[in-house]
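Letter by letter, the chains look like this.
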Amino acid sequence: MTTILGIETSCDETAAAVVIDGKTATSNVIASQIDLHAKYGGVFPEVASRAHAEAISTVVEQALTDARVTYDDIDIIAVTRGPGLVGSLLVGINFAKGLALATDKPLLGINHIEGHVYSLWLTDPYREPVFPVLILIVSGGHTELLLMRDHGDYERLGGTIDDAAGEAFDKVGRLLSLPFPGGPNIEKAAQYGNPDAFSFPRAKTDEAYDFSFSGLKTAVMREATVLPSAAARASEPGADKHKLRAEVSIADVAASFQKAAVGALVEKTAKAAKAFGATEIFIAGGVSANSALRQAMRAETELPVRCPPLNLCTDNAAMIAAAAYYRWEAGLRTALDFDALATWHLNRATYDGL
Ligand code: KG4
Ligand code: ZN
């Protein structure tokens, strides 16, 4: 039995978890900074690293307590090495290094995207996938389409060339004056809207499996600027308020944006799965919490589609510990003097090289 303590501080969640054999999370503590960043409408890097530094030791202690273990029971420590905000990453890395030295345990530096991949092993521990598997990682910082041929064997087929999918949700949320983070709030607003009210464009990209969301965001911006002026007209004497209110429905813009964003993700993912003979599709990362995305993906393909439960979609440390287990089993080790990697694409070469 291998017990791994995972630590994650790459963005705005300070997280720690204990995972047994890469499959069972016996604790999963997440201290979210959402409230701190909400007033800026996005993640403020300096505020994030300071909040990580304040929270980390309590969060790690809590993860051990929840799992009913002490440091003596931990075999390996795993920490997110990148990609992410460098100041935030360093808080977790330095804390983990100190812990590894003090307790004389091995330390592994883990790729955050690979962590999201392994959230799926925590989801269905007893249903081993048959490789190759097509994986779509969609989060606030990343949109990556990966072909996974085996543990540690990834081919990056494509990704976003501008905004990440979650970033587009967050920016559109801000345009519509919805609270931060935009993703879950757009999903809520969209429930009351008509997804066909606006026909937003789906971007064309040079590479078959790349994504682009900035054009979509601009198109929404054009509609969103109409909202206040139409709202003003609605207050004029004699205005047909019902008509104008329908015209300016935020729910309609949210639903139409969501349809366009989800449509682009689903179309390319299903196409890649077919082209590369994948047996299953995995979707992970914060945006995979979106039920319209899950439904649309299942409608688009006959392949099984797996998504993690909501608490494993967004950033957490259980996924980091799970990824570390498979690296450890493969005999991969990290020297203790590793640095943060703010940018780090997941592909076979990086996995082999570290
Ligand atoms: O994986 P994650 O916690 O952090 C990163 O690694 O970036 O993802 C956070 C992102 C945010 O952009 C948030 O708006 C988005 O995931 N998100 C959603 C939903 N829940 C979270 N986007 C769309 N629909 C949701 N239900
Ligand atoms: Zn993430």
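Criteria and thresholds
- Residues numbered from 1 in each chain as written.
- Chains lettered and ligands numbered in written order.
- Predicted model: local features only at pLDDT ≥ 70, side-chain atom pairs only at ≥ 80, totals over all residues.
- Heavy atoms only, no water.
- Disulfide = S-S within 2.5 Å.
- Buried < 20%, exposed > 50% of the residue type's maximum accessible area, 1.4 Å probe, protein only.
- Domains from an automatic or database assignment.
- Contact = heavy atoms within 4.5 Å.
- Buried area = accessible area lost by both parts, 1.4 Å probe.
- Salt bridge = Lys/Arg side-chain N within 4 Å of Asp/Glu carboxyl O.
- Polar contact = N/O pair within 3.5 Å; in protein donor to acceptor, adjacent residues only side chain to side chain.
- Helix = DSSP H or I, 4+ residues; strand = E, 2+ residues; numbered from the N terminus.
- Nonpolar A, V, L, I, M, F, W, Y, C, P; charged D, E, K, R; others polar.
- Donors = N, O, S within 2.8 Å, 3.2 Å for Na, K, Ca; no water.
- Tetrahedral: all angles 85-135°; square planar, octahedral: opposite > 155°, others 65-115°.
- Near = heavy atom within 4 Å.
- Areas by Shrake-Rupley, 256 points an atom, 1.4 Å probe, with all protein chains shown as cover.
- Axes fitted to C-alpha atoms, helices over the stretch in contact; angles between N-to-C directions.
- Left-handed = near helix turned anticlockwise from the far one by under 90°.
- Lys, Arg positive; Asp, Glu negative; His and termini not counted.
- Phe/Tyr/Trp six-rings, centres within 6.5 Å; stacked < 30°, edge-to-face > 60°.
- Lys NZ or Arg CZ within 6 Å of the ring centre and 35° of its normal.

Enquirer: Help me understand the state of the cysteines, please; the structure alone is not making it clear to me.
Expert: Throughout this description, disulfide means a covalent bond between two cysteine sulfur atoms. If you walk through the whole model with that rule in mind, you get 0 disulfides. Left without a disulfide partner, cysteine 11 is nearest to the cysteine sulfur of cysteine 313, which lies 16 Å away. Taking relative accessible area as the criterion, cysteine 11 reaches 26% and is therefore assigned partly exposed. Residue cysteine 313 stays outside any disulfide, its sulfur separated by 7.0 Å from that of cysteine 307, the closest cysteine.

Enquirer: Even after reading the chapter, I still don't get the domain arrangement of the protein, so can you show me in this structure?
Expert: When the parts of a complex come together, some accessible area is lost, and that lost area is often used as the size of the interface. Domain boundaries assigned for the protein yield domain 1 (3-121 + 312-329) and domain 2 (133-307). The straight-line distance from the C-alpha centre of domain 1 to that of domain 2 is 28 Å. The partner domain 2 presents 23 residues to the 20 residues of domain 1 that form the contact. Of the roughly 1,600 Å² buried between domain 1 and domain 2, counting both surfaces, carbon and sulfur atoms make up 76%. Of all residues in domain 1, Ile113, Leu120 and Cys313 bury the most surface against domain 2, accounting for 36% of the area lost on that side. For the pair domain 1 and domain 2, the interface holds 0 salt bridges. At the junction of domain 1 and domain 2, the tally comes to 3 residue pairs in polar contact (both at pLDDT 80 or more). Breaking the side of domain 1 that touches domain 2 down by element, the ones donating at least two residues are helix 1 (34-38) and helix 4 (112-123). A per-element tally of the side of domain 1 that touches domain 2 places helix 4 first, with 9 residues. Of the residues contributing to the side of domain 1 that touches domain 2, the split by class is 11 nonpolar, 7 polar and 2 charged.

Enquirer: Sorry, what's going on with the coordination of the zinc ion (ligand 2) here?
Expert: Around a metal, the perfect tetrahedron of four donors has angles of 109.5 degrees, and the perfect octahedron of six donors has angles of 90 or 180 degrees. In the first shell of the zinc ion (ligand 2), the protein supplies His112 (NE2), His116 (NE2) and Asp315 (OD), at 2.0 to 2.1 Å from the metal. Seen from the zinc ion (ligand 2), its 4 donor atoms lie at angles of 95 to 150°, and the figure they make is irregular. Read N to C, the donor residues that coordinate the zinc ion (ligand 2) are spaced as H-x3-H-x198-D. Of the two residues, histidine 112 sits in helix 4 while aspartate 315 sits in the loop between helix 11 (310-313) and helix 12 (318-329), which places them 203 residues apart along the sequence.

Enquirer: How should I be thinking about the site of ligand 1 in this particular structure?
Expert: Taken together, 19 residues form the shell around ligand 1, and within it Gly140, Asp170, Glu187, Asn290 and Asp315 come nearest. Histidine 112 places a side-chain nitrogen or oxygen 3.2 Å from an oxygen atom of ligand 1. Aspartate 315 places a polar main-chain atom, nitrogen or oxygen, 3.0 Å from an oxygen atom of ligand 1. Protein chains bury 91% of the 560 Å² of accessible surface belonging to ligand 1 in isolation. Those elements that provide at least two residues to the shell around ligand 1 are helix 4, helix 5 (165-175) and helix 6 (182-190). Of the residues contributing to the shell around ligand 1, the split by class is 6 nonpolar, 10 polar and 3 charged. Residue assignment places the shell around ligand 1 across two domains, with domain 1 (3-121 + 312-329) and domain 2 (133-307) each supplying three or more.

Enquirer: Help me understand the packing of helix 5 against helix 6, please; the structure alone is not making it clear to me.
Expert: Between two packed helices, both the angle of their axes relative to each other and the distance between the axes serve to describe the pair. Following both chains from N to C, one finds helix 5 and helix 6 inclined at 65°, their axes separated by 7 Å at the closest point. Considering only the axes of helix 5 and helix 6, their crossing is left-handed. Contact residues: helix 5 offers Phe169, Asp170, Val172 and Gly173, while helix 6 offers Gly182, Gly183 and Ile186.

Enquirer: Hey, could you run me through the environment of arginine 202 in this one?
Expert: Along the chain, arginine 202 turns up in the loop between helix 6 and helix 7 (214-234). By relative accessible area, which is 42% here, arginine 202 ends up partly exposed. The contact partners of arginine 202, leaving out residues within four places of it in the chain, are Ala260, Gly263, Ala264 and Glu267. At 2.5 Å, the side chain of arginine 202 and the side chain of glutamate 267 are in polar contact.

Enquirer: Help me understand the environment of threonine 3 in this model?
Expert: Counting through the fold element by element, threonine 3 comes out in strand 1 (residues 3-8). What makes threonine 3 buried here is its relative accessible area of 4%. The sequence separation of threonine 3 and isoleucine 76 amounts to 73 residues, and the corresponding C-alpha distance is 6.7 Å. Setting aside residues up to four positions removed in sequence, threonine 3 forms contacts with Val18, Val19, Ile20, Asp73, Ile74, Asp75 and Ile76.

Enquirer: Would you mind showing me how to read the side chain of aspartate 315 here?
Expert: Put simply, aspartate 315 is tucked away with no salt bridge, and the nearest opposite charge, on arginine 294, sits 13 Å away. Reaching out from aspartate 315, the side chain makes a polar contact with the side chain of histidine 112 at a distance of 3.1 Å. A polar side-chain atom of aspartate 315 sits 3.1 Å from a polar atom in the side chain of histidine 116. Here aspartate 315 is in contact with Glu8, Ser10, Cys11, Glu13, Ile30, His112 and His116, once residues within four sequence places are set aside.

Enquirer: Hey, could you run me through the packing of aromatic side chains in this one?
Expert: Each aromatic ring pair is characterised by the separation of its centres together with the angle its planes make. Considering all chains together, one arrives at 10 aromatic pairs under this definition. When the ring of phenylalanine 198 is compared with that of phenylalanine 200, the centres are 5.7 Å apart and the planes differ by 10°; the resulting orientation is stacked. The pair phenylalanine 198 / phenylalanine 200 is uniform in exposure class, with both members buried. Through a chain of ring-to-ring contacts, the aromatic side chains of Tyr118, Trp121, Phe131, Phe282, Tyr325 and Tyr326 assemble into a single cluster. Sitting above the plane of the phenylalanine 211 ring, lysine 268 keeps its charged end 5.9 Å from the centroid.

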